[in-house]
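Secondary and tertiary structure notes
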Amino acid sequence: MLVYICHMRYITRDLEICLKQASRSFPVIILTGPRRSGKTTLLRKCFPTSAYYLLEDPDIIDRVRSDPRSFLEDIRLPAILDEIQNVPELFNYIRTKVDYSEKRKCQWILTGSQEPALMKGVSESMAGRAAIFHLLPLSRSETEKVSILKGGFPEVINRPIDSNIWFRSYIQTYLERDIRAISSIRDLTTFRRFLAIVASRIGQVLNRTEISTPLGVSVPTVSEWLGILETTHQIILVPPFFENFGKRLIKSPKLYFTDTGLAAYLLGIESERSLTHSPFYGALFESFVASEIAKAQLNTGKRRELYYFRDRQGLEVDFLIPLGNKRLALIEAKASRTVRPADANPIIRLEKAALKKYALKSFVVHIPIRALAGMSALRNDVKALSYDDISRIFAQK
C-alpha cells in the first residue's frame, strides 16, 4: 500500500453527527466500510481520548488469540479496536464486559473492512448492544475535490497527482489481504482480469455469463467473486424495483462501483479529456450518482436503499429511492451540464404508467453548473438537480 509521508488535512465527515449521538446511548459502536475509506481517521477525530489498537500486526493477533482475557484487561477504555474481524474471538469477551458494565455510554469502538466476518461476530454476540454504521469514501457534500475521475478515497483526494500509483497499490493490497482472507482464490492473475471486466460492465444489467466466458471460469465462480466485491464494498449491486405492474420486468441487478476513481483506473482512463471522450463516460457518471446517493443515506445513519426500473418494453428509469410513507424519488442521471425537458420523459412515462399510488419527487441529476446552484423546474413536477445537491432528494418537503 502506498503510504504518504505528508500529513493530510482532516476533512469533516458527515457521519460524525450520527457517531457522536450513538456514543451517548450504545456501549458499542461498529464502523464498517472499504479499506482506506477513512474509518480510523474519523473515529480518532470523533473520540480523541479513546485508546487505539490496530489488530493487524501478527504479534498482536497472536497475543490476543493466546490470551484474550488478559488483552482486554490491559485495555484502557474507551478503546478503538481497528480491523477486529482478524480476531473474532474477542466478540464474546467484549459482550461479557458490556453486560457486566453499568456504563451505557460508548466504551468499545470496533472497525472492520471485511464485513462478512465482522457482521457474523456482531449478529452472534452484539445484538442490541451495538450501533452499526458504514463509511464509504468521501462524498461531494464533504469536499468538492471528489470527482468521477479521481473518486473519493481520502489519500487520492490529498495527492491526486499520484492517483495511478495509489490505485495500483490499493488493488495489490486488496488482493493480498482481503481476497485471500475471505476466500480460497489462488489464481490472483485471473481475479485481476475479472476486476477489469467487471469495470467494463459498469452501469449495465448484470450478466454473469458475459463475465465468465472471457475468463474461462464458471458462472458460480463469477457469482462468488462478485459477492466478494460487494461484501468488501467495492461494488454496489442495485436491484430492480418490483411492483405488481402487470408486465414483465428485468430481474437482474445493475452493477456500479462504490468509487468511480477505482473504476476509471481499471478502465485505463487517466485524464478528464479521456474521461469525457470515453464510451464509459455515461456509465461512470451514473455510477457516481449511485454512489453519492448511497453515501447520502449511509452518512445520515440510514440503510442503503436504491433500486432501478426497466421493463421489457424499453421503459427505464435509472434510480428509485423509497422515502417512506408511500413516497418515492425517481432519478435520471444525465452526464451533461445541459438538461432538456425531453430528459424527463422516462420519469413521466413511469409516473403515469405504474406509480399513481405513490407521492413522487422526480429529478434529472446533472453535472454542476457554476453559475447556477440548487434546483430548477424542468418539466411537469420534474426538477433538474446538480449532483452536488443530491442531499436535497431526502429533504422532507
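It should be emphasised that the depicted structure is a prediction, and the values quoted were computed from it without experimental measurement. (Residues numbered from 1 in each chain as written. Predicted model: local features only at pLDDT ≥ 70, side-chain atom pairs only at ≥ 80, totals over all residues. Heavy atoms only, no water.)

**Describing helix α5 (residues 90–100)**
Turning to α5, its buried residues number three or more, namely Leu90, Phe91, Ile94 and Val98. Along the long axis of α5, the arc covered by the buried residues comes to 95°, so they all point the same way. (Buried < 20%, exposed > 50% of the residue type's maximum accessible area, 1.4 Å probe, protein only. Helix = DSSP H or I, 4+ residues; strand = E, 2+ residues; numbered from the N terminus. Arc of directions from axis to C-beta.)

**Focus: the sheet that holds strand β1 (residues 28–32)**
What holds strands together in a sheet is hydrogen bonding between their backbones, with the strands either parallel or antiparallel. Taken together, five strands build an open sheet; the order of strands is β2-β3-β4-β1-β5 and the sheet is parallel. Each edge of the open sheet carries a strand with a single partner, namely β2 (51–54) and β5 (130–134). Direction aside, the axes of adjacent strands within the sheet are offset by 15° on average. Note: β1 against strand β4 (residues 108–112), five bridges, orientation parallel. Looking at β4, one finds that Val28 is bridged to Trp108. (Pairing = 2+ DSSP bridges. Axes fitted to C-alpha atoms, helices over the stretch in contact; angles between N-to-C directions.)

**Considerations on the packing of aromatic side chains**
Applying the stated criterion across every chain yields a total of 14 aromatic pairs. Ring centres 6.0 Å apart and planes at 75° place the aromatic pair Tyr53 and Phe71 in the edge-to-face group. Highlighted residues: Tyr53 in strand β2 and Phe71 in helix α4 (residues 68–73), separated in sequence by 18 residues. Taking 4.9 Å as the distance between ring centres and 20° as the angle between the ring planes, the aromatic pair formed by Trp166 and Tyr170 counts as stacked. Here the residue Trp166 and the residue Tyr170 both occupy positions in helix α8 (residues 163–182), the gap between them amounting to four residues, near one helical turn. Like Trp166, the residue Tyr170 is buried in the burial classification. In textbook terms, an aromatic cluster arises when at least three aromatic residues are bridged by ring pairs, as seen for Phe153, Trp166, Phe167, Tyr170 and Tyr265. The ring of Tyr52 carries the charged tip of Arg44 above its face, separated from the ring centre by 4.2 Å. (Phe/Tyr/Trp six-rings, centres within 6.5 Å; stacked < 30°, edge-to-face > 60°. Lys NZ or Arg CZ within 6 Å of the ring centre and 35° of its normal.)

**Here we look at the pattern of salt bridges**
This structure, assessed with the given rule, holds 18 salt bridges. Across the pair Arg36 and Glu155 runs a salt bridge, and its minimum N-O distance is 2.6 Å. Note that Arg36 is positioned in the loop between β1 and α2 (39–46) and Glu155 in helix α7 (residues 154–158), a separation of 119 residues in sequence. By relative accessible area, which is 8% here, Glu155 ends up buried. Put simply, Lys295 and Glu292 hold a salt bridge, and the shortest N to O gap is 3.4 Å. A residue pair is termed a helical-turn pair when its members lie 3 or 4 positions apart in one helix, as Lys295 and Glu292 do in helix α14 (residues 281–298) at three residues. Both residues of the pair, Lys295 and Glu292, belong to the buried class. (Salt bridge = Lys/Arg side-chain N within 4 Å of Asp/Glu carboxyl O.)

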